[in-house]
Every structure is written in C-alpha cells, then in structure tokens.
Amino acid sequence: MKLVIKKDYDEMSKLAAETIKGIVNNKPTAILGLATGSTPIGVYKELIKMNKSNDIDFSKVTTVNLDEYIGLGENDPQSYRYFMNKNLFEYININKSNTFVPNGLAENIEQEAKNYDNKIDELDGIDVQILGIGSNGHIAFNEPSDVLIAGTHLTGLTESTIEANSRFFDSASEVPKSALTMGLGQIMKSRKILLLAQGENKAEVVKELLSGKITTKNPSTMLQMHKDVTIIIDEEIGKLIK
Ligand code: F6R
C-alpha cells in the first residue's frame, strides 16, 4: 500500500484526477469505479476542467458507482444517481448509457444486486476505483460488522453513517436506512484503488488502515490485502497518524 500526504484537499483531488487522466489516456475504454459524498467532489471538478480543455476524453469510458440508497430514484436530489449527474456526468462528454449506479428503486433488489455484479464482470472489472472512507471505516456501504459480504448486496446503515450523512438531508429521520452497495470482494477485484481521506474525524480509521492489522470492525483494513492501493490524505490527517 502506498501512502501519499498532500498539502490540502485541492492537491489530493488533483493527484487523483491526474491518475485517472493517465489511465484513460492510456486506455480510452477504461472502466472507472466512482464514489459519492463530499470527498470525490474535488476530483470530479478537476476531471470536468480537464475534459473542457480536451486533456481527457470520456466518450468511450464506462463508469460504475459504489452504491445507492434504497427508495431513492434518479430525480431525487438526495439519490446518488442524481449526485453523479449533477457533479460529473452532465459536464463531461460521457455517454450516459455507459454510466451505472445501482437502482435503489428496483422491485427485486436481490436480482438488481446480481445483475450489478454480472455487469461489472461483463465489463471485465474496474480499472481504477475511487474510494472515500466513513469515519467508522466503511468503504462503499460496507459497514463494520462481524461478517463482510463479497458481492453487491442490500445493507442496513449504521447509526453513525445515518448521522454523518444527515448533513445532506433536512433531518436524520429523512436519511434512508438501507442501501444497495458493492461488496468488499467486488471492490478488491478492481485493478487499482485510490482511497482519499481528509479531515481529523477520519484520522483514527486511516491509522487502523495503515496498521498492518485486518479487522471486519474497520472494513477499510481489507484493502491491505490488495496489491495496488494508494491512500491519499491531507496534512491534517498526516500529522494525527504519526
Ligand atoms: C459513497 C460511499 C461512502 C463515502 C463515505 C465518505 O459512495 O460509498 O463510503 O465514501 O461515507 O463520505 P464523505 O466523502 O462524504 O466523507
């Protein structure tokens, strides 16, 4: 695992965007694994700029997102599909039919989960997966638990995740209690992983992620078993984990 400490959020975002640019320029049909939340917004802003200046072409790129809330559809401003449209897809030259987000409105969620995994396998896997990390160590919505699940699956959200994500809603009671999420096994199949973490509330879990110990109580620690992971953090976390 490689650790990179950048001065601030902008520098972290630039590094991740440059890495994605390199991958797409090398393989125009690249499969990008994308995340939502506050962390990747800066990366998406950089990618939009690069696309405008013709430094990256998304016309043949495919994207797969990590997760979606159950019960929220693409027109719901809180859905992750809406987030992706508004923070990236509407501003780049990507073919919308090549962007995949789990369907939180699917009638048969189990089938939707299977189809999502099959889709990723058909695409021959993810070239680079962008990850944020929850302050409880979750990646995607793989929450701390005794058992972690390999494939895409329905999951309940922990109180701490509901609380953390309530900042995007009018109140915590409006945050959906469950989500469809890519599983750890699927994430680990990505050829390259970039995990970004910023802010002191992530310091403890990042420290565990770098500890050499693996525990399902901090799902991100599984990433230590992957052969190409770069953890990109800011100086604030850097100081706290020394
Ligand atoms: C989002 C996702 C989550 C977030 C994590 C951090 O698609 O899968 O795991 O990456 O909750 O969220 P932020 O970046 O908002 O701190």
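Please read these numbers as outputs of a predicted model, since none were measured by experiment. (Residues numbered from 1 in each chain as written. Predicted model: local features only at pLDDT ≥ 70, side-chain atom pairs only at ≥ 80, totals over all residues. Heavy atoms only, no water.)

Draft legend 1. Highlighting the overall build of the chain. Scanning the chain from terminus to terminus reveals eight helices and ten strands. Its C-alpha atoms give the chain a radius of gyration of 17 Å, within 12% of the compact-globule value 18 Å for 242 residues. When the backbone C-alpha atoms are referred to their principal axes, the chain occupies close to 40 × 40 × 35 Å. Across the 242 residues in the chain, those meeting the buried criterion constitute 53%. Of the contacts formed within the chain by residues at least 6 apart in sequence, a portion of 77% connects residues at least 24 apart. Accessible area for the chain stands at about 11,000 Å²; split by element, carbon and sulfur atoms hold 49% of it. Separation between the mean location of the 27 positive side-chain charges and that of the 33 negative ones in the chain comes to 6 Å. (Helix = DSSP H or I, 4+ residues; strand = E, 2+ residues; numbered from the N terminus. Rg over C-alpha atoms; globule rule 2.2 N^0.38 Å. Buried < 20%, exposed > 50% of the residue type's maximum accessible area, 1.4 Å probe, protein only. Contact = heavy atoms within 4.5 Å. Areas by Shrake-Rupley, 256 points an atom, 1.4 Å probe, with all protein chains shown as cover. Lys, Arg positive; Asp, Glu negative; His and termini not counted. Charge placed at Lys NZ, Arg CZ, Asp CG, Glu CD.)

Draft legend 2. Representation of the site of the ligand within the structure. Neighbouring the ligand are 14 residues; Thr39, Asp67, His138, Ala140 and Arg167 lie closest to it. Asp67 is positioned such that a nitrogen or oxygen atom in its side chain is 2.6 Å from an oxygen atom of the ligand. Within the backbone of Ala140, one N or O atom sits 2.8 Å away from an oxygen atom of the ligand. Compared with its free state, where it exposes 410 Å², the ligand has 93% of that area covered by protein. (Near = heavy atom within 4 Å. Polar contact = N/O pair within 3.5 Å; in protein donor to acceptor, adjacent residues only side chain to side chain.)

Draft legend 3. Region of interest: the packing of helix H2 (residues 41–52) against helix H3 (residues 80–87). Interaxial distance between H2 and H3 falls to 10 Å at its minimum, and their mutual angle equals 40°. With respect to H3, the axis of H2 lies oblique. In this structure, H2 contributes Ile41, Tyr44 and Ile48 to the contact, and H3 contributes Phe83, Met84 and Asn87. Counted by class, the contact of H2 with H3 contains five nonpolar, one polar and no charged residues. (Axes fitted to C-alpha atoms, helices over the stretch in contact; angles between N-to-C directions. Parallel < 35°, antiparallel > 145°, perpendicular 65-115°, else oblique. Nonpolar A, V, L, I, M, F, W, Y, C, P; charged D, E, K, R; others polar.)

Draft legend 4. The packing of aromatic side chains, seen in detail. The full count for this structure, using the stated rule, is four aromatic pairs. Geometrically, the ring pair formed by Tyr69 and Tyr80 is tilted, given 4.7 Å between the ring centres and 40° between the ring planes. On the criterion of sequence distance, the pair formed by Tyr69 in strand S4 (residues 67–69) and Tyr80 in helix H3 is long-range, its members being eleven residues apart. Judged by its relative accessible area of 9%, Tyr80 is buried. With 6.1 Å between their ring centres and 20° between their planes, Tyr80 and Phe141 make a pair best called stacked. A residue pair is termed long-range when its members are at least 10 positions apart, and Tyr80 in helix H3 and Phe141 in the loop between strand S6 (128–131) and strand S7 (153–156) qualify at 61 residues. Ring pairs connect the aromatic residues Tyr69, Tyr80, Phe141 and Phe169, which therefore count as one cluster. (Phe/Tyr/Trp six-rings, centres within 6.5 Å; stacked < 30°, edge-to-face > 60°.)

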